[in-house]
Amino acid sequence: MMMQLALIPTLMRKFFPMTNVIQHYAWGSRSSINQLFDIKNPSAEPQAEVWMGAHPNGCSTVGYGEHATKLSTLIDCNHRLFLSEQIANRFGELPYLFKILAAEKALSIQVHPNKAQAERGFAVEQQQGIPLDAANRNYKDPNHKPELVYALTSYQAMNGFRSIDQIIANFEQLAIPEIKAWLDELEANLTPQGLATFFYALLSMTGQQKDQALAKLSHYANEYAKNDTQSYVKHSANQSDEPLFALIAELEHQYPGDVGLFAPLLLNVITLEPGQAMFLDAETPHAYIKGTGLEIMANSDNVLRAGLTPKFMDIDELVACTRFDEKPFDSLLLQPNKSDDIWDYPIPVDDFKFSIIQHSHQRIMYTHGAEILLPLDQGMTLTHPDGESCVIEKGQSVFIPAYAQSYRIECAGRVARAYN
């Protein structure tokens, strides 16, 4: 406490340039982040994610004087000063994590629990004494994990269930004997419960049944992938036609023998164009397939997996935390509210907000909580009414505490703003 109190007089700065953790997950791109933001990659490792925030598994650092400290330590000096009294009382920490995400191969198909499910599941696993880092642990914390993704490049993803009629049509096209009985049951029960039963059966396949079903899917997908004029399905953000089975063939090279290869037949497949955004709800299956974008989410590690992964899958818990509602394709894109070249993306949770400032000439911004700014195209200059100023280069982020109240921004390019 004495250390924290001693820091406060020197920490009343308004702008804190951040040094961020790069996560080198195997699915990451070796070139995209370097090309977009000039972030060096001398060892040519996969650069999957750049984490901007105070998450314990990858906390940013900020400078003060000649020293550097974790952003979490800075905030812990005085939550009400740095986060605002309202956010400090509501969350007790910086409630979001901001990322640059660059996927060269598909991430696992995931479902995130809602807040009540996370609290209940975390309490149960704590009571059972399952270590937080155990491979079979579902709940790392008692929080939900809503997410928004903003495309920097063409960005392919899956999000939410197709209509049941479309799902049935896709599987009937395959005519796989091993799953015909389940498909017949779904046709006789065109309800969310019928879809849940079908989904559970697919994911639970094992042994010869699973091998034969996937072999038939593979054969079908690879045959159709050879012919770009056949078996097209609308699934991109601009409604252009792209081959569904070519995607399945591509995913098979990445995850051979994985039951998640059936997912594109069940889920909406969408390609975001640069500048488009999408929200990913709790209890909704989704996966990022390929591309580079910005992601902002609530502070949580809770992931229930549904395929395209060698990691643990708890199918019972997954199904219990999944909504089996159809998600219309035309509802996937998140349309911003545009005002004076500021695009605000409506988000149905209070953990975070996200905006893109298209360009700024001495624009005054007002802040009511902790913010992170990231210039996307070129550098920016920030100036506070007290005279403090800061130059931030493209791809570098800056933390602005709640007590700053306002600042002036100068940037000819886009600036991403994470705040609450």
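Everything numeric in this text was worked out from a predicted model, so none of it was measured.

*Asks:* Please clarify how the sheet that holds strand 24 (residues 406–411) should be interpreted in this entry.
*Replies:* Within a sheet, each strand pairs with its neighbour through backbone hydrogen bonds, oriented either parallel or antiparallel. The strand order across the open sheet formed by four strands is 19-24-21-22, and the pairing between neighbours is antiparallel. Of all strands in the sheet, those bounded by a partner on one side alone are strand 19 (360–366) and strand 22 (389–392). For this sheet the average axis-to-axis angle between neighbouring strands, irrespective of direction, equals 20 degrees. Here strand 21 (residues 380–383) runs beside strand 22; their pairing, made up of four bridges, is antiparallel. For Thr381, the partnering residue across the bridge sits in strand 22 and is Val391.

*Asks:* Help me understand the pattern of salt bridges in this model?
*Replies:* Pairing is possible between side chains that carry opposite charge, provided their charged atoms lie close to one another. Under the counting rule described, the total for this entry stands at 16 salt bridges. Two residues, Lys14 and Asp386, come together in a salt bridge whose shortest N-O distance is 2.8 Å. Of this pair, Lys14 sits in the loop between helix 1 (2–7) and strand 1 (16–19) while Asp386 sits in the loop between strand 21 and strand 22; the two residues are 372 residues apart in sequence, bridging distant segments of the chain. Overall, the relative accessible area of 12% leaves Lys14 in the buried class. Classification of Asp386 by relative accessible area gives partly exposed; the value is 45%. A salt bridge links Glu125 to Arg137, with the shortest nitrogen-to-oxygen separation between them at 2.9 Å. Of this pair, Glu125 sits in helix 6 (residues 115–127) while Arg137 is found in the loop between helix 6 and strand 8 (147–151), placing the two residues 12 residues apart along the sequence. Residues Glu125 and Arg137 agree in their burial class; the two are buried. What you see here is one network of salt bridges that share partners, running through Glu49, Lys99 and Glu295.

*Asks:* What am I meant to see in the packing of helix 7 (residues 164–174) against helix 8 (residues 180–188) here?
*Replies:* When two helices pack together, their arrangement is given by the angle between their axes and by how far apart the axes lie. In the contact formed by helix 7 and helix 8, the axes pass within 11 Å of each other and the chain directions differ by 155 degrees. Considering the angle they form, helix 7 stands roughly antiparallel to helix 8. Between helix 7 and helix 8 lies a crossing of left-handed hand. From helix 7, Ile164, Ile167, Ile168, Phe171 and Glu172 reach across to helix 8, where they touch Leu183, Leu186 and Glu187.

*Asks:* For this particular structure, what's the right way to read the nonpolar core?
*Replies:* Soluble globular proteins tend to pack their nonpolar side chains together in the buried interior. The biggest cluster of nonpolar side chains holds 53 residues, and the ones touching the most others in it are Phe171 and Phe262. For Phe262, the residues in contact, after removing those within four places along its chain, are Phe171, Leu174, Ile176, Leu202, Met205, Ala213, Leu214 and Leu217. With 43 residues, the next largest nonpolar core counts Ala54, Leu71, Cys77 and Phe98 among its residues.

*Asks:* Explain the packing of helix 7 against helix 9 (residues 192–203) here, please?
*Replies:* Running from N to C, helix 7 and helix 9 cross one another at 35 degrees; their axes reach a closest spacing of 12 Å. Here helix 7 and helix 9 pass one another in a crossing that is left-handed. On the side of helix 7, the interface is formed by Ile164, Ile167 and Phe171, while helix 9 contributes Leu195, Phe198 and Leu202. Of the residues belonging to the contact of helix 7 with helix 9, the class tally is six nonpolar, no polar and no charged.

*Asks:* How do you make sense of the packing of aromatic side chains when you look at a structure like this?
*Replies:* Two aromatic rings are characterised by how far apart their centres lie and by the angle between their planes. Counted under the stated rule, the structure contains 14 aromatic pairs. Between Tyr155 and Tyr288 the ring centres are 5.4 Å apart and the planes differ by 75 degrees, which places this aromatic pair in the edge-to-face class. Of the two residues, Tyr155 is situated in strand 9 (residues 155–161) and Tyr288 in strand 14 (residues 286–298); the sequence distance between them amounts to 133 residues. Between Phe199 and Phe324 the ring centres are 5.5 Å apart and the planes differ by 65 degrees, which places this aromatic pair in the edge-to-face class. On the criterion of sequence distance, the pair formed by Phe199 in helix 9 and Phe324 in the loop between helix 13 (315–320) and strand 16 (337–339) is long-range, its members being 125 residues apart. Exposure remark for Phe199: the relative accessible area of 5% places this residue in the buried category. Residue classification places Phe324 among the buried positions, given a relative accessible area of 7%. Aromatic ring contacts, followed pair by pair, group Phe98, Tyr150, Tyr345 and Phe354 into a single cluster. The ring of Tyr255 has Lys105 lying over it, and the distance from NZ or CZ to the ring centre is 4.8 Å. Over the ring of Trp343 we find Lys338, and its NZ or CZ is 4.0 Å from the ring centre.

*Asks:* In this structure, what is going on with the pairing of strand 6 (residues 96–103)? I would like to understand it.
*Replies:* Regular strands place their side chains on alternate faces of the sheet. Where burial is concerned, most of strand 6 is hidden: eight out of the eight residues are buried. Side-chain alternation along strand 6 places Tyr96, Phe98, Ile100 and Ala102 on one buried face and Leu97, Lys99, Leu101 and Ala103 on a second face that is also buried. Across four bridges, strand 3 (residues 49–52) lies against strand 6 in antiparallel orientation. Counted as the bridge partner of Trp51 is Lys99 from strand 6.

About the cut-offs
- Residues numbered from 1 in each chain as written.
- Predicted model: local features only at pLDDT ≥ 70, side-chain atom pairs only at ≥ 80, totals over all residues.
- Heavy atoms only, no water.
- Pairing = 2+ DSSP bridges.
- Helix = DSSP H or I, 4+ residues; strand = E, 2+ residues; numbered from the N terminus.
- Axes fitted to C-alpha atoms, helices over the stretch in contact; angles between N-to-C directions.
- Salt bridge = Lys/Arg side-chain N within 4 Å of Asp/Glu carboxyl O.
- Buried < 20%, exposed > 50% of the residue type's maximum accessible area, 1.4 Å probe, protein only.
- Parallel < 35°, antiparallel > 145°, perpendicular 65-115°, else oblique.
- Left-handed = near helix turned anticlockwise from the far one by under 90°.
- Contact = heavy atoms within 4.5 Å.
- Core = buried A, V, L, I, M, F, W, Y, C linked by side-chain atoms within 4.5 Å.
- Nonpolar A, V, L, I, M, F, W, Y, C, P; charged D, E, K, R; others polar.
- Phe/Tyr/Trp six-rings, centres within 6.5 Å; stacked < 30°, edge-to-face > 60°.
- Lys NZ or Arg CZ within 6 Å of the ring centre and 35° of its normal.

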